[in-house]
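Chain and residue survey
This is what each chain is made of:
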Amino acid sequence: QQQVRQSPQSLTVWEGETAILNCSYEDSTFNYFPWYQQFPGEGPALLISIRSVSDKKEDGRFTIFFNKREKKLSLHITDSQPGDSATYFCAATSGGNYKPTFGKGTSLVVHP
Amino acid sequence: AQTIHQWPVAEIKAVGSPLSLGCTIKGKSSPNLYWYWQATGGTLQQLFYSITVGQVESVVQLNLSASRPKDDQFILSTEKLLLSHSGFYLCAWSPGGDEQYFGPGTRLTVL
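Heads up: these notes are all about the structure in this document.

Some points on the overall build of chain A
Of the regular secondary structure elements, chain A holds zero helices and eleven strands. What you see for chain A is a C-alpha radius of gyration of 13 Å, in line with the 13 Å of a compact globule of 112 residues. Each principal axis of the C-alpha distribution contributes one length, and for chain A these read about 40 × 30 × 20 Å. The buried share of chain A, taken over its 112 residues, is 44%. Look at the contacts in chain A between residues 6 or more apart in sequence, and 53% of them connect residues 24 or more apart. Carbon together with sulfur atoms contributes 46% to the accessible area of chain A, which is approximately 5500 Å² in total.

Here it is in structure tokens:
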């Protein structure tokens, strides 16, 4: 059972555009949602995260929008840069259970 | 600042041979430690986690084992590799909260 779903599987945008990556989940006990950025051959890096008590989290060009009622969240990358080309993973966990569930990832390509 | 080191960077091993992968975290005492496996182009699957020295919890059964011999060290091993063990092995740590920080990974190829 896939508890965290990501869409689209791949996304291509032009430099300067806003990339929108979507994530949804099923388990209502999930309350912490990190996004990871992974470049080929490297370990994932924690990019930004949000807790379920918030509906928005912003860090520079990266913003998470969270809808608890619909169990959906999205990552917006504004002014996309070629260096943002990577795979982005959405994850979800219930606080303190040590076992986050990861989505299958969205592969983002930003063309110059 | 905390640093996480994994060794080796890459391994090519034969089916049926033993394996030992290592992970060390410096700059943080008593971290929570985790092992993940990632197939090429795939998602991250947690294998083991450890909250304290000497205690390891298994999350999935993949004919692998893990040990935590020291506060800052996490070892992943098996006595007999399978083709299905090929992939990218990632160690991660957390300070005790929900955030997890990944290491650079070890690429394993089983032939």
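There's plenty left to go through after this.
Brief notes about the interface of chain B and chain A
Contacts between the two partners involve 20 residues from chain B and, on the opposite side, 19 residues from chain A. Of the roughly 1500 Å² buried at the junction of chain B and chain A (both faces included), carbon and sulfur atoms supply 58%. Taken together, chain B and chain A are joined by two salt bridges. Viewed at the interface, chain A and chain B are joined by five residue pairs in polar contact (both at pLDDT 80 or more). Among the elements of the structure, strand S4 (32-38), strand S5 (44-52), strand S9 (87-94) and strand S10 (101-102) of chain B are those that each provide at least two residues to the side of chain B that touches chain A. Broken down by class, the residue content of the side of chain B that touches chain A amounts to eleven nonpolar, seven polar and two charged.

Thoughts on the sheet that holds strand S1 (residues 3-7) of chain B
All names here are of chain B. One open sheet holds the four strands; their spatial order is S1-S3-S8-S7, and the pairing between them is antiparallel. Sheet topology places S1 and strand S7 (65-70) at the edges, where each strand pairs with a single neighbour. Between one strand and the next, the sheet's axes are offset by a mean angle of 20 degrees, whatever the strand orientation. Relative to strand S8 (residues 73-78), strand S3 (residues 19-26) runs antiparallel, the two sharing six bridges. Considered in S8, the bridge of Leu-19 is made with Thr-78.

With respect to empty space enclosed by the protein
With a probe scaled to a water molecule rolled over the atoms, the places where space remains empty come into view. Using the criterion set out here, one finds one cavity of 30 Å³ or more in the structure. When its volume is computed, the largest cavity comes out at roughly 80 Å³. What lines the largest cavity is a set of 15 residues, and nearest its centre among them are Tyr32(A), Thr93(A), Pro100(A), Asp98(B) and Gln100(B). Looking at the lining of the largest cavity, the element that brings in the most residues is strand S4 (residues 32-38) of chain A, giving three residues. Of the residues belonging to the lining of the largest cavity, the class tally is eight nonpolar, five polar and two charged.

Brief notes about unusual backbone geometry
The step from Ser7(A) to Pro8(A) runs through a cis peptide bond, and the omega angle for that step is -10 degrees. Secondary-structure assignment places Pro8(A) in the loop between strand S1 (4-7) and strand S2 (10-14). For the peptide bond that leads from Trp7(B) to Pro8(B), omega is -5 degrees, which places it in the cis range. By the element assignment, Pro8(B) lies in the loop between S1 and strand S2 (10-13). In this structure, Asp79(A) takes a positive phi of about 50 degrees despite not being glycine. Even without glycine at this site, Ser30(B) takes up a positive phi of about 50 degrees.

Rules used in this analysis
Residues numbered from 1 in each chain as written. Chains lettered and ligands numbered in written order. Predicted model: local features only at pLDDT ≥ 70, side-chain atom pairs only at ≥ 80, totals over all residues. Heavy atoms only, no water. Helix = DSSP H or I, 4+ residues; strand = E, 2+ residues; numbered from the N terminus. Rg over C-alpha atoms; globule rule 2.2 N^0.38 Å. Buried < 20%, exposed > 50% of the residue type's maximum accessible area, 1.4 Å probe, protein only. Contact = heavy atoms within 4.5 Å. Areas by Shrake-Rupley, 256 points an atom, 1.4 Å probe, with all protein chains shown as cover. Buried area = accessible area lost by both parts, 1.4 Å probe. Salt bridge = Lys/Arg side-chain N within 4 Å of Asp/Glu carboxyl O. Polar contact = N/O pair within 3.5 Å; in protein donor to acceptor, adjacent residues only side chain to side chain. Nonpolar A, V, L, I, M, F, W, Y, C, P; charged D, E, K, R; others polar. Pairing = 2+ DSSP bridges. Axes fitted to C-alpha atoms, helices over the stretch in contact; angles between N-to-C directions. 1 Å grid on protein atoms, 1.4 Å probe; cavity = no way out; pocket = protein on both sides within 12 Å on 5 of 7 lines; lining within 4 Å. Points joined across faces, edges and corners; volume = space filled by probe spheres on them.

Everything listed here is a matter of geometry and, on its own, says nothing about what the molecule does.
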